[in-house]
Every structure is written in C-alpha cells, then in structure tokens.
Amino acid sequence: IYEPSLDEIRNMIRLVTQEKPIKGNAIQLTGGNPELREDLPEIIKICKEEGIDHIQLNTNATHRLHNDAQFAKNIREAGVNTVYLSFDGVTPRTNPKNHWEVPGVLKNLREANLGAVLVPTLINTINDHEIGDILKFGFKHNDIIRGVNYQPVSLVGRMPRKDREKFRITIPDVIQRLEEHTDGQITRDDFYP
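Residues numbered from 1 in each chain as written. Predicted model: local features only at pLDDT ≥ 70, side-chain atom pairs only at ≥ 80, totals over all residues. Heavy atoms only, no water.

> Describe in detail the overall build of the protein, supporting the description with residues and values.
From N to C terminus, the protein includes seven helices and seven strands. Listing the helices and strands of the protein from first to last along the sequence gives α-β-α-β-α-β-α-β-β-α-β-β-α-α. Going through the 193 residues of the protein one by one, you find that 45% of them count as buried. Excluding contacts between residues fewer than 6 apart, the proportion of contacts in the protein whose partners are at least 24 apart in sequence is 75%. In the structure as shown, the protein presents an accessible area of about 11,000 Å², 51% of it carried by carbon and sulfur atoms. (Helix = DSSP H or I, 4+ residues; strand = E, 2+ residues; numbered from the N terminus. Buried < 20%, exposed > 50% of the residue type's maximum accessible area, 1.4 Å probe, protein only. Contact = heavy atoms within 4.5 Å. Areas by Shrake-Rupley, 256 points an atom, 1.4 Å probe, with all protein chains shown as cover.)

Next comes the structure, spelled out in structure tokens:
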C-alpha cells in the first residue's frame, strides 16, 4: 500500500495550484476511505496553505465521521468545505455499506456546521426505485445536505451482456425516474445539457 508522505502531498498540491492558464483551486480527497489517514487534518491544512479554496472529502464515513463529533469539527476547522458522502439508498438493503452510520454522520456534521452532498451510485433493479426517496431524504436534512449527485453505475470488466443490460441505468433514466418519483415536481424540462 502506497501512502504518500505529507511532503509528497504538498508537492502534488503545488502542481495543481501551478496549472496554466488557470490554477487549480479545488481538491477532492478520496481513495478508498481518507478517514483512515490519521494525518487527514494535516493534509487538509496543507491544501489550504497551498491556496486550495474548495476541499471536498469523499467518504463512506464508516471509520470516524459517524462516531467522532470532534473529528468532524477538526476537519471543518482544517478547511473541508463539503463531505461528499456515499449514500446508495434509504434502506439497509439498498445501502448496506453505511445505512446504520448515516444518522451519526448527520449529527456530527450538524455539530461541526459542515455540509454534505449525498452521492448515490445507481444500479437498475437494485436501488433505482429509491431515486425519489434519496432526494426526499436530502430535503428532510436540508440544513446540512447541499445536494444529491446521482451517479449511474459504471459497468466495466467482464460481465455477461444480460447483466449489463439488467443493471445499466443512464442519466435520462434517472431524470425520468425523478419526474415519476416526485409526481412531476421535478420534470425532464428542469434539466438541460
């Protein structure tokens, strides 16, 4: 397992901020689960010190964010702007990876005054029936949920054609289901390319 040192990370960030003609000013910290790095607050501070304006933490929040309110405060104080939270559904069946942790995550984010974006990976026949419920969940917690970033599954590698056809979902499919699941409160016409 390769874990870059803080000096290596600083050099990577400097490269981003030296891009031409426009310097990079946003970073998403990701890669498995960044919460596993004990030095995550230091990494966030480095990003800020090197001129990054927007820092997004991509996580499933199953390590520390769900049970450590101080950790949420520490990453907010270090400079995280948004938690990009994996959230595949509103039930244990559709979201087994962090269904039980989400209530603690939301509590700790509220206490830290730190917003989140829900990020469901959508799979046809698995969680597509909850597209509207995911949005409603976001509205229910709109004091800290800033948005929902629906991500249709990427089917790669060896997979029989019938499985690809069964699980495939497109952005137009998602938009159609949003219209259906919200009884037309959100329509296809609300979106544009």
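> Would you mind going over the environment of L114 in detail, with residue names and values included?
Counting through the fold element by element, L114 comes out in the loop between α4 (102-112) and β4 (115-119). Residue classification places L114 among the buried residues on the basis of a relative accessible area of 0%. Sequence separation between L114 and D143 is 29 residues; the distance between their C-alpha atoms is 9.7 Å. In contact with L114, other than residues within four places in its own chain, are A72, I75, R76, V80, N81, T82, V83, L109 and I144.

> Which residues make up the sheet that holds strand β2 (residues 54-59), and what values go with them?
Sheets are built from strands that pair by backbone hydrogen bonding, the pairs being arranged parallel or antiparallel. With parallel pairing, five strands are arranged side by side in an open sheet as β1-β2-β3-β4-β6. The sheet is open, and its two edges are formed by β1 (26-29) and β6 (145-148), each paired on a single side. Taking each pair of neighbouring strands and ignoring which way they run, the sheet shows an average axis angle of 20 degrees. Pairing of β4 with β6, which is carried by three bridges, proceeds in the parallel orientation. Note on β6: the bridge partner recorded for V117 is G147. (Pairing = 2+ DSSP bridges. Axes fitted to C-alpha atoms, helices over the stretch in contact; angles between N-to-C directions.)

> Give a description of the side chain of T59 that names residues and reports values.
With respect to the helices, strands and loops of the structure, T59 is situated in strand β2. Taking relative accessible area as the criterion, T59 reaches 2% and is therefore assigned buried. If we ignore the near neighbours within four places in the chain, the residues touching T59 are N33, E35, L65, V83, Y84, L85 and S86.

> Break down the nonpolar core for me, with residues and values.
A general feature of soluble globular proteins is that nonpolar side chains tend to end up buried together. By size, the foremost hydrophobic cluster in this structure holds 41 residues, and its most contacted members are L29, I44, L65, I75, L109 and Y150. With five residues, α4 is the single largest residue contributor to this core. Excluding residues within four positions of it along the chain, I75 makes contact with L40, I44, L57, L65, V80 and L114. (Core = buried A, V, L, I, M, F, W, Y, C linked by side-chain atoms within 4.5 Å.)

> Explain the pairing of β4 to me, and be specific about the residues and the numbers.
Counting buried positions over the five residues of β4 gives five, a clear majority of the element. Following the chain from strand β3 (residues 82-86) across α4 to the adjacent parallel β4, one finds a crossover that is right-handed. (Right-handed = clockwise from strand over helix to strand, strands pointing away.)

> Lay out unusual backbone geometry in plain terms, naming residues and giving numbers.
Backbone torsion omega between K20 and P21 reads 5 degrees, so that peptide bond is classified as cis. If you trace the backbone, P21 turns up in the loop between α1 (6-17) and β1. At A61, a position not held by glycine, the phi torsion is positive, near 60 degrees. Here A61 is to be found in the loop between β2 and α3 (69-78). Judged by relative accessible area, A61 falls into the buried class, the value being 0%. One non-glycine residue, T125, lies in the positive phi region at around 75 degrees. Here T125 shows up in the loop between β5 (121-122) and α5 (131-140). The exposure class of T125 is partly exposed, given its relative accessible area of 41%.

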